[in-house]
Structure formats: C-alpha cells, structure tokens
Amino acid sequence: MSDAYLASPVPIGLAHRGGWPTDPSGRVRTDLENTALAFEHAVRLGYRYLETDARATADGVLLAFHDPVLDRVTDRTGTVAELPYAQVARARVGGSEPIPLLEDLLGSLPEARFNIDVKADFAVEPLRRVLRRTNAWHRVCVGSFSQARLERVRRTFDRPVALSSGPVDVLRLRAASLVPLLLPLARRDVSCVQVPLRHRGFPLVSRDLVAAAHRLGLQVHVWTVNDPALMERLLDVGVDGIVTDDVAALRRVLADRGLWPASPTSFPQ
C-alpha cells in the first residue's frame, strides 16, 4: 500500500469522471464525462484529485471510460471489450470529444492524482502496464465494486499503490461503526473508504462510520454528491473527501470554508 496518494490536506475534492466542464459560451456540459476537456477544466479550477474509470479494448488498450458499451455517451455503439482500439478511437463523447487513453491523462496531467475504478478483470493487467510505463504508482488510488478484482490488483501489481476498500470491507466497517467490538475485523491494509450515502436504501455515511474509519487510520470519501447543502452536511460530519460532478459547486463550498485551494503536497522523489 502506498501512502503518497493521500499526502495532502483534507478535505479533498475529487472531480467525478472529470466533472462537468463549461464550453466557450460558459454553458455547463454534463455530457462530456471522462474526456480530456473535463479533466483539464477541473485542473484549471484547482482540482488535483480526479476520479475516472478504466476499461480495456479487445486488444488491451486502456481507456478512461465508464460504461461497458459505447452507446450511452458516444456517437457509436458496441461493447468496448469486444472492439479493437482502432474502432473505439473513432467514437466521440458528446459528439465531439475522443475517449482518452488513461496513459495520456497520466502523462498530460503530471501533478494530478487519479482515483481509478477498474471496471473489469480484463483491465487489471493493462493498468499495471500503464502504471509501469508512466511510473505513476505513487499518484493513483485503485478501487473497484468487486472485492475479487481488488485482490487481483494486489496479486498482479509490481509496486504498492493506494487502494480503497472493497464492498465487503465497507460493510464490515459499517458493522464496526455500530458495534465497536467488531472494529478489529475491519480492514486496515487500505488507504481509504469510498462509499455512497446509501446502499440499497441502507445509510452508510454517519459520524460513527467516519470515526471508526479514522480510528483505523483511513480516510472517508463520499460519492457522488452534487447538492451544495449536502456537501456542507458531510463536511460537518467529518468526511475527508467528496466526489462530485459539479466541480464549480464543491469548489465554492470549500472556498467558503477557507479550504480552497487544497493542493497536494509535493510527490516524494
């Protein structure tokens, strides 16, 4: 496990899939997720933590892309894992923006830290190769909705990276927040806990959960929060990070509290 990723003042803002950028007319674009334009916009606002997804094409090219298929956000159709990159490269998000390679994002934004949700087992090995080529081990945090996939990351990667808790880990921590005697069963070999407000209607985020995570030395990041009033309440509860699409709104909330910009400390050499 690497501690360099979170060597930064808290709370931190994470731009979800790059967040919502604005076009030259100032109009907010909600249809340009995971594009270079979105990530660059967030960085210009002062964000240094960017959330994205990792999927691989049939020939093992790693993309910053969320869905298993192109259909929802691009002008083309098809399953990403079944298509060669030459075909996927012709797709345009929002009708105008290419799907970026994760390697290109890591290279073009060298001061940014990336929270990477690995969306398929097939993407784990390509991600390892990308991190090796870019030497970006220290500035990524890898997460997944699959506990087994996170274990695959642990087995596969050459170097330690920051990891977020898997779903089983989160449920154990939630149980420990209700019954403190269960705290020894909660996982400690991760860097942070990244959770939604609720899971299947069951509330996950509470002062008790945050306190339990902090006793284990773990940060708590909550996703995906676009309501400024809710951002305020979560900060009052003591969360360490908020993942948002509305990057302008979270920036205002943090600035009003004197917490912006919250640039990371320099990366260790």
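Scroll up for the structure.
Residues numbered from 1 in each chain as written. Predicted model: local features only at pLDDT ≥ 70, side-chain atom pairs only at ≥ 80, totals over all residues. Heavy atoms only, no water.

**A look at unusual backbone geometry**
Glycine aside, residues mostly have negative phi, and peptide bonds are mostly found in the trans state.
Working step 1: That bond from Val-10 to Pro-11 is cis: its omega, 0°, falls within 30 degrees of zero.
Working step 2: One can find Pro-11 in the segment before strand 1 (12-16).
Working step 3: At the junction of Trp-223 and Thr-224, the peptide bond is cis and its omega measures out at -25° in the coordinates.
Working step 4: Tracing the backbone shows Thr-224 in the loop between strand 12 (219-223) and helix 8 (228-237).
Working step 5: Phi angles above zero are rare outside glycine, and Arg-200 is one such case at about 55°.
Working step 6: With respect to the secondary-structure elements, Arg-200 resides in the loop between strand 10 (198-199) and strand 11 (202-203).
Working step 7: With relative accessibility at 83%, the residue Arg-200 sits in the exposed group. (Helix = DSSP H or I, 4+ residues; strand = E, 2+ residues; numbered from the N terminus. Buried < 20%, exposed > 50% of the residue type's maximum accessible area, 1.4 Å probe, protein only.)

**Notes on the packing of aromatic side chains**
Aromatic ring pairs: the centre-centre distance and the angle between the two ring planes describe each pair.
Working step 1: With the rule as written, the count across this model stands at 5 aromatic pairs.
Working step 2: For the ring pair Phe-145 and Trp-223, a centre distance of 5.6 Å and an interplane angle of 80° mean the geometry is edge-to-face. One end of the pair, Phe-145, is in the loop between strand 7 (140-143) and helix 5 (147-156); the other, Trp-223, is in strand 12, and 78 residues separate them in sequence. (Phe/Tyr/Trp six-rings, centres within 6.5 Å; stacked < 30°, edge-to-face > 60°.)

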